[in-house]
Every structure is written in structure tokens, then in C-alpha cells.
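# A closer look at the structure
Here is what each chain is made of, one letter per residue.
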Amino acid sequence: MAEFWSEALDGERQDLPGSLDPEIVERPGGSPNLLFKEQPKGTERDLPIHLDLATQNREETVEQLRQLRGSVRETKTQAYETHTATWTVMEDPEGNGFCVSEY
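First things first, this report covers the structure right here in the doc.

The rules behind the values
- Residues numbered from 1 in each chain as written.
- Predicted model: local features only at pLDDT ≥ 70, side-chain atom pairs only at ≥ 80, totals over all residues.
- Heavy atoms only, no water.
- Pairing = 2+ DSSP bridges.
- Helix = DSSP H or I, 4+ residues; strand = E, 2+ residues; numbered from the N terminus.
- Axes fitted to C-alpha atoms, helices over the stretch in contact; angles between N-to-C directions.
- Contact = heavy atoms within 4.5 Å.
- Buried < 20%, exposed > 50% of the residue type's maximum accessible area, 1.4 Å probe, protein only.
- Arc of directions from axis to C-beta.
- Polar contact = N/O pair within 3.5 Å; in protein donor to acceptor, adjacent residues only side chain to side chain.

### Structural notes on the sheet that holds strand E5 (residues 71-79)
With mixed pairing, the four strands of this open sheet are ordered in space as E4-E7-E6-E5. What marks the edges here is a single partner per strand, and that holds for strand E4 (51-55) and E5. Across the sheet, the mean angle from the axis of one strand to that of its neighbour is 25 degrees, orientation sign disregarded. Judged from the five bridges that link them, strand E6 (residues 84-91) and strand E7 (residues 97-102) form a sheet pairing that is antiparallel. Counterpart to Val-89 in the pairing with E7 is Cys-99. Contacting E4, E5, E6 and E7, helix H2 (residues 58-67) runs over the sheet at an angle of about 150 degrees to E7.

Shown next, in the form of C-alpha cells:
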């Protein structure tokens, strides 16, 4: 999973020294880093997370993520009082959901 996200976020995949297989994706320019660590499902430590990626060109970013083996669930549009928002719901190669929207 760290390989997908390092490519998706233009980060650098690194192993953490002295740990049991966690990997980190370091992001350039002071952006938050992501830590990936295998956890058993269905435990008290099972903390689901959902990422939203904001980009200048949603369709282009979705296509790039598809080339990295991400998959599209659906694209949604919702009208608000002041604007209309469109976002694409996707899954990474392990089935974890995330959204891509434009800012």
C-alpha cells in the first residue's frame, strides 16, 4: 500500500528503522507524511481512516491513480447554495476508500 501512496502523492517510500515492517511515505514541501503499519482487522485498535485528495484537475488525477492500480467506485456531484462540488470515490489496490476532488 505504501508503494501506491508514494506514487500517488509524489512522496518517497521509506522503511522505519527498528520496527516490524511499517513504512512511511515522506511528502515534499512540509506536507504531512503517511505511516503504513499492518494491523489485525476487527480489533480495538482497528481505526478506519478516509483520505480526501484535493487537486487542481480531478479527472487527470483520477486517471493517474487508475494507472497506479487504483479503481473508481463512482463520481458524485452535489449542488450547494454557493457552488457545485464534484468528487470521485476511489479505492487503492487494497480496497481502502478515498476521494479525489478539485479545489
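### Quick word on H2
Inspection of H2 places Arg-58, Thr-61, Val-62 and Leu-65 among the buried residues, and these make up the whole buried set. With its buried residues spanning 100 degrees around the axis, H2 presents them on a single face. Residues of H2 that are exposed and point over 90 degrees away from its buried face: Glu-59 and Gln-67. Buried-residue contacts for H2 involve helix H1 (2-8), E4, E5, E6 and E7. Measuring from the backbone nitrogen of Glu-59 back to the side-chain oxygen at the start of H2 gives 3.4 Å, which picks out Asn-57 as the cap.

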